[in-house]
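# Commentary on secondary and tertiary structure
One letter stands for each residue in the lines below.
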Amino acid sequence: MAVVVVVGGYFGVQAVRASGSGCDTVDQVSLAVDPTLAPVVTDVLAHTDVIARGCTDFEVRAEEPTDTATELAGSSENRPDLWIPDSTLWLLKTLRSTGALPEVTKSSVANTMPVVVSRKSEARPVDTWLQVLQAQGQRIGDPLVSSAALASILGALAESEVAISDAKAVSAALVPQAQDFGRIADLPHDTSDLVKQVATDGGTSVATEQSVVTYNAAHLDAPLGAVVPPTGSYFLNYPLAVTVAAGPEYDSVKSAGTALSSVLSTQTATDAFSAAGFRQSSGIPLPDNRGVGSVASLELKNPLAIESTLRDWSVLALPLRTIVVEDVSGSMAAKSGDSTRIALTVDASVGGSALFSDQTEMGVWAFSIGLGGGGQDYRELVPLGPVTNIVNGQPQREAILSAIRGLPALVGGGTGLYDTTLAAFRTVKENYDPNFVNSVIILTDGANDDAGSPSLDQLIDTLQREQDPVRPVVIVTVGITTDADPVALQRISAATGGTSYVAEDPRDIPDVFVKALNSRTQRIGGQ
C-alpha cells in the first residue's frame with residue numbers, strides 16, 4: 001500500500017489547544033484524497049485560515065482509492081476520517097465490502113471524465129464508447145483500480161441502455177481488452193502512465209481530461225490530443241465522504257467534513273482546481289480551450305451493471321487453464337455441405353487457438369468408446385500444460401495444433417461422453433491453479449451411448465459433489481448440430497457453473513466455439 005502524507009502526521013480525531021487562533025481547540029482530522037487531487041486540496045487548505053476550516057487541521061494523505069477501500073474494509077488503524085476518491089464508484093465498492101455506504105458531505109468536489117488520448121497528428125473522432133472499446137490495440141487500464149477505465153466501460157453500457165449500442169457487444173468487446181491487459185498487467189498502467197505511453201509509442205489510450213491537460217501544460221512543444229464521443233462521457237465526480245468508524249467522534253468529523261465542503265466550494269478552490277485541469281462540480285468546460293469542450297453526462301440506470309462489469313473483468317483478465325475435449329465418434333464423419341462435421345470442428349478449433357494468450361495452459365483430448373484402450377473412452381493427445389512448454393521437441397502450442405489437425409484420422413466408434421467428462425473434470429481439478437480460470441471445453445455431436453458409463457443423473461450428482469466452490473472447475477459444452485443432446489450438455493455445464501452452446505448448423509461451429517471460449521465469466525455468476 002502506497003500512502004503519501006502531505007500535511008501533518010496525525011491519525012484520527014485529536015483536539016489540541018489553539019493559542020491565538022480564535023478557536024478554543026483545533027481538531028486533527030485525517031483526510032485521504034485521490035493522488036491526482038491531493039496536491040490541490042493541500043494547497044487550498046494551506047491558504048485557508050483555521051476558523052474557515054471549522055477549527056480543524058486536516059492531515060491530507062495522497063492515497064490510491066484501492067488502498068483506502070482496503071483500509072475501510074478491514075480493521076486498519078490507518079482508516080481515514082474523511083475520504084475524497086476520484087469517483088462515487090468507490091463508495092459503491094465500499095458498500096459491497098462493508099455493507100454500509102459512507103455518508104457524503106459533498107457530492108462533487110471537482111470533475112473530470114475519461115477521454116481518448118492520442119498524438120494530435122493521429123487523432124481521430126470516435127462515435128461511441130463501444131467503438132473505443134472495440135478498437136484494436138486500445139489501452140484502457142485496469143477497471144478494478146482505475147475509475148477512468150471503468151467509466152469508459154460504463155459509458156458504453158449507458159449508451160446501450162438508450163439503444164445507441166448493444167450490451168452484448170460491450171461484453172464481447174471486453175474479452176480482448178481484458179485478455180490483452182492480462183498479458184501486460186505488470187507494466188505501469190495508471191492514467192498518467194497511459195498518457196506517457198501515447199506520447200512515446202503512439203496509438204490511443206483512455207485517460208482523463210485532467211491528465212491530458214496536465215501533460216500538455218508540461219509539454220507545450222508536443223501536446224497530445226483528446227476526444228470524447230458525441231454521446232457524452234461518464235463523469236468522475238470526486239465526492240467527499242465521512243469514513244470514520246461509528247462512535248463518539250463521528251459527529252465532530254462530519255462537522256469537519258461540512259466545513260471542508262465549504263472551503264472546497266470557494267472561488268479560490270475552484271480556480272485552483274481549474275488550474276490543475278479539473279472541471280467545476282457542474283462539469284462546465286475548462287477555460288482557454290484546455291480540454292475537450294462541452295460534454296454530455298452519461299448516466300447508468302442499472303447500478304448492478306457496475307458490479308457485474310468488475311466481476312466479469314476480474315475473470316476475463318485471468319489466463320485460461322483448460323482441456324479441450326474433442327469428439328471423434330463415427331458420427332463426426334457425417335457430411336455437412338461440401339465438408340464434414342469433423343473437418344469443420346478442426347477448422348474452428350484451429351482458429352479458436354489464436355484466442356489463447358501465451359499465459360494459457362492447455363491440453364487436448366479426443367474421445368470415442370474404447371479410444372483410450374482397456375475400456376477407456378478418451379485419449380490424451382497433448383498433456384495439460386503451458387502453451388510455451390516443449391512437447392516432444394516442439395512448442396506445446398504447435399503440438400496442440402498438430403493434434404487437432406490429426407483428429408480426422410481417429411474418427412470411429414460410439415460417443416463415450418459421460419466417462420470422458422468426469423475424467424477431464426477431475427484432471428483439471430487435481431492440479432487446480434487459482435491464478436487461472438480452470439475449465440474443460442467439450443465439443444460433441446452426439447448423445448452418450450456408452451452402456452458401461454454412469455447415467456446422466458449419476459454424472460451430475462458426482463460433479464456437484466466434487467465441485468469445490470473455492471476451487472471451481474467450469475465445464476463448457478459445445479453441441480455440434482441438433483444431433484447433440486442439448487439437455488444433457490446444458491445440465492453438465494450448469495452443474496459446474498458453466499455454459500452450453502449448440503451450433504445447429506455446422507457452419508456456425510467457429511462462432512459458437514468463440515462464444516464458448518469467452519464464457520469464462522459465468523464461473524463466478526453465483527458468487
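Our subject is the structure that appears above.
Quick caveat, the model's predicted, so the values are computed rather than measured.

### As for the overall build of the chain
Within the chain one finds 17 helices and 20 strands. Taking the principal axes of its C-alpha atoms as reference, the chain extends roughly 95 × 55 × 45 Å. Here the chain holds 527 residues, and the buried ones make up 53% of them. Taking the contacts inside the chain whose residues are at least 6 apart along the sequence as the reference set, 76% of them involve residues at least 24 apart. Here the chain displays about 22300 Å² of accessible surface, and carbon together with sulfur accounts for 51% of that area. Of note, the chain has its 34 positive side-chain charges centred 2 Å away from the centre of its 60 negative side-chain charges.

### Things to note about the pairing of strand β7 (residues 114-119)
When you tally the buried positions in β7, you get five out of six residues, the bulk of the element. Examined bridge by bridge, β7 and strand β8 (residues 205-208) share four bridges and lie antiparallel to one another. Across the sheet, the residue bridging to V115 is A207, located in β8. Pairing between β7 and strand β9 (residues 224-227): four bridges, direction antiparallel. Residue pairing across strands places V117 opposite A226, the latter belonging to β9.

### Some details on the packing of aromatic side chains
Taken as a whole and judged by the stated rule, the model has two aromatic pairs. Geometrically, the ring pair formed by Y238 and F278 is edge-to-face, given 5.3 Å between the ring centres and 85° between the ring planes. Residue Y238 is found in the loop between β9 and β10 (240-242), and its partner F278 is found in the loop between α10 (267-275) and α11 (304-316); the two are separated by 40 residues along the sequence.

### Points about the pairing of strand β18 (residues 437-444)
With eight of its eight residues buried, β18 lies for the most part within the structure. Neither face of β18 is left uncovered, since the one carrying V437, S439, I441 and L443 and the one carrying N438, V440, I442 and T444 both have all their residues buried. Judged from the seven bridges that link them, strand β11 (residues 320-327) and β18 form a sheet pairing that is parallel. The partner of I323 across the bridge, within β18, is V440. As defined by bridge partners, β18 adjoins strand β19 (residues 474-480) across six bridges and the pair is classed as parallel. Paired with S439 across the two strands is V474, which belongs to β19. For the crossover that starts at β18, traverses helix α15 (residues 456-466) and ends in the parallel β19, the hand is right-handed.

Reading the values: rules and limits
Residues numbered from 1 in each chain as written. Predicted model: local features only at pLDDT ≥ 70, side-chain atom pairs only at ≥ 80, totals over all residues. Heavy atoms only, no water. Helix = DSSP H or I, 4+ residues; strand = E, 2+ residues; numbered from the N terminus. Buried < 20%, exposed > 50% of the residue type's maximum accessible area, 1.4 Å probe, protein only. Contact = heavy atoms within 4.5 Å. Areas by Shrake-Rupley, 256 points an atom, 1.4 Å probe, with all protein chains shown as cover. Lys, Arg positive; Asp, Glu negative; His and termini not counted. Charge placed at Lys NZ, Arg CZ, Asp CG, Glu CD. Pairing = 2+ DSSP bridges. Phe/Tyr/Trp six-rings, centres within 6.5 Å; stacked < 30°, edge-to-face > 60°. Right-handed = clockwise from strand over helix to strand, strands pointing away.

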